[in-house]
Amino acid sequence: MNILKLVIKNITRRRGRFIFTLLGITIGMAAFVALLSLGGNMRAEVTRQAHAMGASLIVTPKNWCAYDQISILTGNALPESLQLEVYEAVAAIEGITAVPYLTQKTAVQNNPVTVTGILPAEMKEFMSWEVAKGDYFSSVDERAIVLGYGIAERFELDLKDSIRIQGEEFPIKAILAQTGSNDDVSIFLPLAVVQEVFEVEGYISYIAAQVADLSKLEFYEAAIIEVANVSVTSDRQLLSAVLSMLGSVNMTLQLIAGVALIAAAFGIINTMMTAIYERRREIGILRAIGAKGSSIFKIFVLESGLYGLLGGLLGVVLGLAVSALVAPLIAESSFNDLLKGAQIEVSLDPGIIALSIIFALVISVASGLYPAWKASRLTPVEAISYE
Amino acid sequence: MRTEGLTKTYDKSSVATHALRGVSLEIPQGAFCCITGPSGHGKSTLLHLLGTLDKPTEGSVFIDGKNTSELNEGELATLRAEKIGFVFQFFNLLQSLTAVENIEVAMMFGKRSPKEQRAQAEKLLDMVGLLDKAHAKPSELSGGQQQRVSIARALANNPSILLMDEPTGNLDSESGEEVMSHIFKIHRMGKTVVIVTHNDELAQKAEILLEIYDGRLKSC
C-alpha cells in the first residue's frame, strides 16, 4: 500500500462524484484547448492568406478603417472609393507594378460571393495565375467570367455553366488553378464590365502594388502619397493589424474558456471540501495510525491533482475532437469573413497539449491546496471523534 | 507509561468543561490495564491523551520515559506509528480498502516495502483467524470480524502499547468473547494493553483497574 494507491481507491469509491467532478474539469479544459487550437490555426491561416496576396503595398482611400483593411485580406467586397485615375498615377511611378481591384457582391446559389473587377492581363501577371480549365480573358471588356478554383469546387460549376450577376447571365470562360489565396473564392470579370454592371464607372476599390526594391518600401509609400491623396499600408502592417485583432478575439475566447476552468476549479474545491467533511473520521484513523499532517496534506493534494491530470488528458482529447468537428463549420460559415474559403485544419501542437495538461494540473492542485491544508490541520482527536 | 497531573479542559463554549482533573498514574510495561467508569466522565479523554491523539491542558504523558508534551506533531505521529496501536469501538476501518489493505495502510508511513507489508498483513490476519477474508471489504465482514481486522491493524507495526476504546462495546456476546480471546493473546505476547471498557468480564481480568469518576481517578 502506498499513498497513490490509497488516493486512487478513495477517488474511485465515490464513482458518481468522481465522474461529475472530472467532467467539470474535462469540459473546461476541452473548451480551452478547442479555442486555443482554433485560434492558433486562424492565425496561421490569416498569415498564409496575407503572404498569398502577393502585394507589398496596398493603396486605399484615406478614410478606411481597420475592418476595411481586413476585408482586403479576406477578399470581401469593399466600397468603390478610388477613382481609376489614382490607379493610373500609381502605376506610372517607376519601380511600382500595380493592379486595381473593384470588389462587389453577388450571390451564387443563394450564397454571397465576391465579384472582382480586374485588368485581365496585368492581374494574370501580377498574381502569376495559372488557368486550370478553359481560356483566360482575351480582351479588357469581355463579358465572361474567370472563376476561382474554390468557388468552382464548392458550387460544382464548370465551363458550360453561367452565373447571373445583376440580372445578366455571364458564361464561365475559365477556371483558375488553385492559388491558396482568396482568389480561390472570387469571381473575376474585366474591370470595365464590373464598373458597367454595378454602375460605378470610373471607380475602383483599392490598389495592390509590388515594388522593385523591398528595402525602399518607405520611399515608394511617399511617392504614392505624393501623386494621390490616399493611404498606403504595407502588407506587413496589414497583417499585424489583422493579427492583433485576431489576438483580441482569441484572448476573449480564451477568457471565456478560463472562466469555465475556474468554475471547474471551484467544483474540485467543493468536492474536496465535501470529501474532507465526509472523511473526517478516516483522517482521524490515519492520524491515529501514524500519518503526519503532511501525509494527510499529500493525500488530498494528490487526489485533486489526479482530477487535474485525468481532466487535462480527457479535456485535450475532447477539445481537439471538438475543434476538428467545428473547424470545417467555421470555414464554411458565410458569417465568418476572416476564414471564408480557408482550409482550417486542427493541428496537434504538442506545445498546446503539454501546456493544457500542465495548466489543468496546476489549477487542480491549487484548488486542492486549501482543502488539503484544512484536512492536515485537523487534530487526530477531533477527526476521530467525528460522528 | 505514566502520567503526571493530567488535566483536560474544554472551553469552547462559555462554560468550561473539565474532562480530566489532575490524573497521575503509571502503567508498567506489559501490564493489562482496564479503565472503567460512567459514560462522560473522562475515560476516552484519558485514552486519547495516553495515545497522544490529543494534548493535555496541563500535565504530561511519558512513554518509555519520554515526555510527549515536548514532541512536535511529526514526532508524535512517528511515536504513534511505532509504539502505539489503537482499536476503536466502531472498528474504524477504511471502507474503500479490503481487510488486508486496511492493515497495510498502517505500515504505509513506515519503511516496509509493499511485499513486506503484504506478508506482515497476511500473518496478522492469520493470527486473528481471518486470512480467508483478506480481500473482503469491511461491508462484507461482520462486526466481530471487522474488530479482529482492526486488532490486526493495531499490531501491524509491532507496537509495545495497545490502546482500546470499548473494543467489545459494539459486538454481540459471542463476537465479544472472540475479540477478548485475541486481546488476551496479545497481552500474552508481552504488550501493554490499556482498555476503556464497560465489560465487567474484561475488567475482572485486568491486572490494573482504574476507575474514572468526574475526571478524577477513583481507585487504583
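Residues numbered from 1 in each chain as written. Chains lettered and ligands numbered in written order. Predicted model: local features only at pLDDT ≥ 70, side-chain atom pairs only at ≥ 80, totals over all residues. Heavy atoms only, no water.

Colleague: Any details on the overall build of chain B? Residues and values, ideally.
Modeller: Each helix and strand counted, chain B has seven helices and ten strands in total. Split into buried and exposed, the 220 residues of chain B put 55% on the buried side. For chain B, contacts bridging at least 24 residues in sequence account for 69% of all contacts bridging at least 6. When the accessible surface of chain B is summed, it comes to about 9,500 Å², and 46% of that surface belongs to carbon and sulfur atoms. (Helix = DSSP H or I, 4+ residues; strand = E, 2+ residues; numbered from the N terminus. Buried < 20%, exposed > 50% of the residue type's maximum accessible area, 1.4 Å probe, protein only. Contact = heavy atoms within 4.5 Å. Areas by Shrake-Rupley, 256 points an atom, 1.4 Å probe, with all protein chains shown as cover.)

Colleague: Before we move on, could you go through the pattern of salt bridges and cite the residues and values that matter?
Modeller: Enumeration over the complete set of coordinates arrives at 20 salt bridges over all chains. Ionic pairing is found between B:D214 and B:R21, a salt bridge with its closest N-O pair at 3.9 Å. Pair noted here: B:D214 is in the loop between β9 (208-213) and β10 (216-219) and B:R21 is in strand β2 (residues 17-26), with a separation of 193 residues, a long-range link. Each member of the salt-bridge network shares a partner with another, and the members are A:R13, A:R279, A:E282 and A:E303. (Salt bridge = Lys/Arg side-chain N within 4 Å of Asp/Glu carboxyl O.)

Colleague: Outline the packing of aromatic side chains, supporting the account with residue identities and numerical values.
Modeller: Taken as a whole and assessed by the stated rule, the structure comprises ten aromatic pairs over all chains. With centroids separated by 5.1 Å and ring planes inclined at 35°, the aromatic side chains of A:F32 and A:F359 adopt a geometry described as tilted. One end of the pair, A:F32, is in helix α2 (residues 15-52); the other, A:F359, is in helix α12 (residues 350-377), and 327 residues separate them in sequence. Relative accessible area serves as the criterion here: at 11%, A:F32 is assigned to the buried category. When the centroid spacing of 5.8 Å and the interplanar angle of 5° are considered together, the rings of B:F86 and B:F88 count as stacked. Accessibility assignment for this pair places B:F86 and B:F88 in one class, buried. Grouping aromatic residues by their ring pairs yields a cluster made of A:W129, A:Y136, A:F137 and A:F188. (Phe/Tyr/Trp six-rings, centres within 6.5 Å; stacked < 30°, edge-to-face > 60°.)

Colleague: Any chance you could break down unusual backbone geometry for me, citing the residues and the numbers?
Modeller: Residues and elements named next belong to chain A. In this structure, N110 is a non-glycine residue whose phi angle is positive, near 65°. Taking relative accessible area as the criterion, N110 reaches 75% and is therefore assigned exposed. The phi angle at E199 is positive, at roughly 55°, despite the residue not being glycine. Relative to the elements of secondary structure, E199 occurs in the loop between α7 (191-197) and β10 (203-204).

Colleague: Explain the sheet that holds β2(B) to me, using residue names and the numbers behind them.
Modeller: Residues and elements named next belong to chain B. As summarised here, the arrangement of the four strands in space is β2-β1-β4-β5, forming an open sheet in which the pairing is antiparallel. The sheet is open, and its two edges are formed by β2 and β5 (66-67), each paired on a single side. Here six bridges tie strand β1 (residues 2-10) to β2, and the two strands are oriented antiparallel to one another. The partner of T9 across the bridge, within β2, is H18. (Pairing = 2+ DSSP bridges.)

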